[in-house]
Structures are given as C-alpha cells and as structure tokens.
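# Commentary on secondary and tertiary structure
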Amino acid sequence: MTRERQAHGQGRAEPDLDAVLWGCCRAGAGWFWMARRTAWDGAVGPTAHGWRATREDATREGAAAARDLAAGTRAQVFLRHRAAECALRVLLEESGAMAARR
C-alpha cells in the first residue's frame with residue numbers, strides 16, 4: 001500500500017467501517033484544520049474545516065470535528081496531517097479559480 005493511500009485512510013483494518021480523517025497544518029500566519037468522513041465504499045461524506053491562530057487551537061477544533069463526524073457511526077478515526085495539507089491546497093486552488101473568474 002502506498003503512503004498516499006494510507007494518508008487518505010485507505011486500507012482500513014475492517015472494510016465495512018467508515019473512516020474519519022482529521023488533521024491540521026500551517027497556513028500562512030495561522031493553522032488550518034480539517035475533518036472528513038468517508039464511507040466504507042469510498043463515498044465522501046460530511047466534511048468540516050477552519051482556521052485558527054495556534055496549532056493547539058487547530059488541533060482541538062479538528063479533533064472535536066472528527067469526534068462529531070464519527071458519532072453514531074461505525075468508524076475508525078485517523079490523524080492525517082497530510083490530508084489537511086491536501087484539503088488546504090484544494091481550497092486554495094478553488095478560491096484562486098473563483099477569484100480569476102471575477
């Protein structure tokens with residue numbers, strides 16, 4: 001299994017469990033956090049993200065969002081900072097594309 005697949009929650013121990021990924025990464029002067037639930041069949045479910053001033057605040061927000069997304073489901077929770085980096089990159093690319101359209 002490649003590191004990229006592991007970073008995005010593939011290769012779960014039990015294939016019928018959902019995966020909840022969460023993590024945080026540096027974003028400019030602050031920190032970005034994200035959490036995402038993926039169904040066992042690969043369908044991307046609810047997501048949450050935001051920015052905080054400190055790493056500790058971003059960690060608390062990301063962990064709380066992961067707990068909320070996993071609540072009431074059969075899910076494994078994975079801490080994947082690389083997934084946060086990828087999510088931030090996508091958000092920045094989308095916002096740049098939207099700005100270019102204006």
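Residues numbered from 1 in each chain as written. Predicted model: local features only at pLDDT ≥ 70, side-chain atom pairs only at ≥ 80, totals over all residues. Heavy atoms only, no water.

Next up on the list: the confidence of the model for the protein chain. On average, residues of the protein chain carry a pLDDT of 85, and 79% of them reach 70 or more. Between the elements of the protein chain, mean pLDDT differs from a low of 47, seen in helix α1 (residues 3-7), to a high of 97, seen in helix α2 (residues 55-70). Long-range and interchain partners of residues 1-8, a stretch whose pLDDT sits below 50, account for 14 contacts in this model, where long-range means more than four residues apart. (pLDDT = per-residue confidence, 0-100. Helix = DSSP H or I, 4+ residues; strand = E, 2+ residues; numbered from the N terminus. Contact = heavy atoms within 4.5 Å.)

Here we take up the pairing of strand β1 (residues 18-27). The side chains of a regular strand alternate between both faces of the sheet. Burial of β1 is extensive: nine of the 10 residues sit out of reach of the surface. One ladder, built from five bridges, connects β1 with strand β4 (residues 75-79); its direction is parallel. What sits directly across from Leu-21, in β4, is Phe-78. Sheet topology places β1 next to strand β2 (residues 30-38); nine bridges connect them, and they run antiparallel. Pairing of Cys-24 across the sheet is with Trp-33, part of β2. The loop that links β1 with its antiparallel partner β2 comprises two residues; one of these, Gly-28, has a positive phi angle of about 65°. (Buried < 20%, exposed > 50% of the residue type's maximum accessible area, 1.4 Å probe, protein only. Pairing = 2+ DSSP bridges.)

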